Amino acid sequence: MSLCANVNEKANLIWAIADKLTGIYKPHEYGKVILPLMVIRRFDCILEETKQQVLKAYEQANQIAPSLREPFLKRASGYEFYNISQYTFSSLLNDSVNIDVNFKNYINGFSSNVREVIEKFKFDIEIQTMSDKNL
């Protein structure tokens, strides 16, 4: 069983996020951060198995016409979405000093359809708030 499928891991992630938000956000505002992070984490888990294939395809896609890149990357991921960032949700923690810049790179690495979902949360505002507060 994949770690991404572990319910306890997901519950622990939610509580860890909530603990970090204490003092910066009021409890009724936690959803502004927790919900988008859980959605992002879910996309990350789905793409975990094909991450290396997508990165390899992305290197090759630079040699083809821009209009053909997206279908090529979707095919590599096996889904109708992908992420071309070198980062994964977990690997972002390896460089906590630059996590705000790296996290933005990670978010921008998603295909346009996933970025559109994330934008609906207005999560960029929360990313900036968390960065300003050193979260």
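Residues numbered from 1 in each chain as written. Predicted model: local features only at pLDDT ≥ 70, side-chain atom pairs only at ≥ 80, totals over all residues. Heavy atoms only, no water.

A. Quick peek at the overall build of the chain. If you tally the helices and strands in the chain, you get seven helices and zero strands. Mapped from its N terminus to its C terminus, the chain presents α and β elements in the order α-α-α-α-α-α-α. Taking 14 Å as the expected radius of gyration for a compact globule of 135 residues, we find that the chain reaches 16 Å, a close match to that expectation. Its C-alpha atoms put the chain at 50 × 35 × 25 Å along the principal axes. Taking all 135 residues of the chain together, the buried fraction comes to 36%. Partitioning the intrachain contacts of the chain with sequence separation of at least 6 by distance along the chain shows that 61% fall at a separation of at least 24. When the accessible surface of the chain is summed, it comes to about 8,600 Å², and 55% of that surface belongs to carbon and sulfur atoms. Across the chain, 16 positive and 16 negative side-chain charges occur, with their mean positions spaced 3 Å apart. (Helix = DSSP H or I, 4+ residues; strand = E, 2+ residues; numbered from the N terminus. Rg over C-alpha atoms; globule rule 2.2 N^0.38 Å. Buried < 20%, exposed > 50% of the residue type's maximum accessible area, 1.4 Å probe, protein only. Contact = heavy atoms within 4.5 Å. Areas by Shrake-Rupley, 256 points an atom, 1.4 Å probe, with all protein chains shown as cover. Lys, Arg positive; Asp, Glu negative; His and termini not counted. Charge placed at Lys NZ, Arg CZ, Asp CG, Glu CD.)

B. Representation of the packing of aromatic side chains in the model. Enumeration according to the criterion identifies six aromatic pairs in this entry. On the basis of an interplanar angle of 75° and a centroid distance of 5.0 Å, the ring pair of phenylalanine 43 and phenylalanine 81 is categorised as edge-to-face. A residue pair is termed long-range when its members are at least 10 positions apart, and phenylalanine 43 in helix α2 (residues 31-47) and phenylalanine 81 in the loop between α4 (66-77) and α5 (99-108) qualify at 38 residues. Phenylalanine 81 shares its class with phenylalanine 43; the two are buried. Aromatic pair phenylalanine 103 and phenylalanine 123: ring centres 6.2 Å apart, planes at 80°, arrangement edge-to-face. Taken together, the positions of phenylalanine 103 in helix α5 and phenylalanine 123 in helix α7 (residues 123-132) put the pair 20 residues apart, joining distant regions of the chain. Phenylalanine 123 shares its class with phenylalanine 103; the two are buried. Through pairs of rings, three or more aromatic residues link up here, namely Phe43, Tyr79, Phe81, Phe103, Tyr106, Phe110 and Phe123. (Phe/Tyr/Trp six-rings, centres within 6.5 Å; stacked < 30°, edge-to-face > 60°.)

Functional significance is not addressed by these values, which are geometric in nature.
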